Amino acid sequence: MSNKAETFKAIDGIVLNLEFKDIFEMESIERLQKLFSDSFGISSLITDVHGKHITKTYNYCSLCSDIIRKTGKGIHDCGVMEKILSESHKDEPLFRECNNSGLWEAGIAIIVGNKHIGNWIIGQVQIDYKYDSQIRTVTNNLGVNQEEFTIALYDVPLMQMDKFRNIANMLHFFLKEISDKAYQNLQLKQYISDKEDLN
């Protein structure tokens, strides 16, 4: 029993040296991402702990991908937002409103053992319609065409904040479940390996 306990304790040291791609099968994760985004009609991205993209982006709205991210300020601010949403927040999703688009996003930390190995960022959700004066201020700040911005913005469907929170909380619970199972699999593999070494 003590050997098993020591093995399970030792796995924490192994996890410290592992990254997201060492634990999760990327093809399956990206398939899951696409299904998730298509099902809820929201964007999806997985980043590392510094905000660097691990997977492709899914279901990004044209407002963000074709207008805001084509400007220097826009791409910079998007990077800052992704970095903030990639900070460790183990207990619940982290919600933020984008200053450039007014759309909401959420970051859900992915924890294996006690190690923060990545983040699932979702969103580009419009909670409230924006006034013309708000749009004018943002477009002047970004240096983009107000009419094009407005058309792209109103192409983003509305979603109640409660619904968005429920989706984020569901994903948080799901990620905790699969992360716990991944950690248990690592423990089991290490235990089997240790047993084989003794025989």
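Structure first, text after, so check above.
Now for a quick tour of the structure. (Residues numbered from 1 in each chain as written. Predicted model: local features only at pLDDT ≥ 70, side-chain atom pairs only at ≥ 80, totals over all residues. Heavy atoms only, no water.)

Some points on helix 5 (residues 72–85)
With 14 residues, helix 5 extends 20 Å between its outermost C-alpha atoms, agreeing within 8% with the 20 Å of an ideal straight helix rising 1.5 Å per residue. Where helix 5 is buried, its residues touch strand 1 (43–47), strand 2 (94–97), strand 3 (104–112), strand 4 (115–125) and helix 6 (132–142). (Helix = DSSP H or I, 4+ residues; strand = E, 2+ residues; numbered from the N terminus. Expected span 1.5 Å × (residues − 1). Contact = heavy atoms within 4.5 Å.)

What to know about the nonpolar core
With 30 residues, the main nonpolar core has Phe20, Ile23, Phe24, Trp120, Ile122 and Phe164 as its most contacted residues. Of all the elements in the fold, those that place two or more residues in this core are helix 2 (20–23), helix 3 (26–40), strand 3, strand 4 and helix 8 (161–198). The contact partners of Ile23, leaving out residues within four places of it in the chain, are Leu18, Val112, Ile117, Ala182 and Leu186. With 15 residues, the next largest nonpolar core counts Ile135, Val138, Val144 and Val156 among its residues. (Core = buried A, V, L, I, M, F, W, Y, C linked by side-chain atoms within 4.5 Å. Buried < 20%, exposed > 50% of the residue type's maximum accessible area, 1.4 Å probe, protein only.)

Here's the deal with the environment of Phe24
Within the secondary structure, Phe24 is located in the loop between helix 2 and helix 3. For Phe24 and Ser179, which are 155 residues apart along the polypeptide, the C-alpha to C-alpha distance reads 9.0 Å. Filtering out sequence-adjacent residues up to four positions away, Phe24 remains in contact with Ile29, Ile110, Val112, Ile117, Ile178, Ser179 and Ala182.

A closer look at the side chain of Ser86
Secondary-structure assignment places Ser86 in the loop between helix 5 and strand 2. Within the structure, Ser86 has its side chain in polar contact with the side chain of Thr47 (distance 2.7 Å). Beyond its immediate sequence surroundings of up to four residues, Ser86 is in contact with Thr47, Asp48, Val49, His50, Gly51, His116, Asn119 and Ile121. (Polar contact = N/O pair within 3.5 Å; in protein donor to acceptor, adjacent residues only side chain to side chain.)

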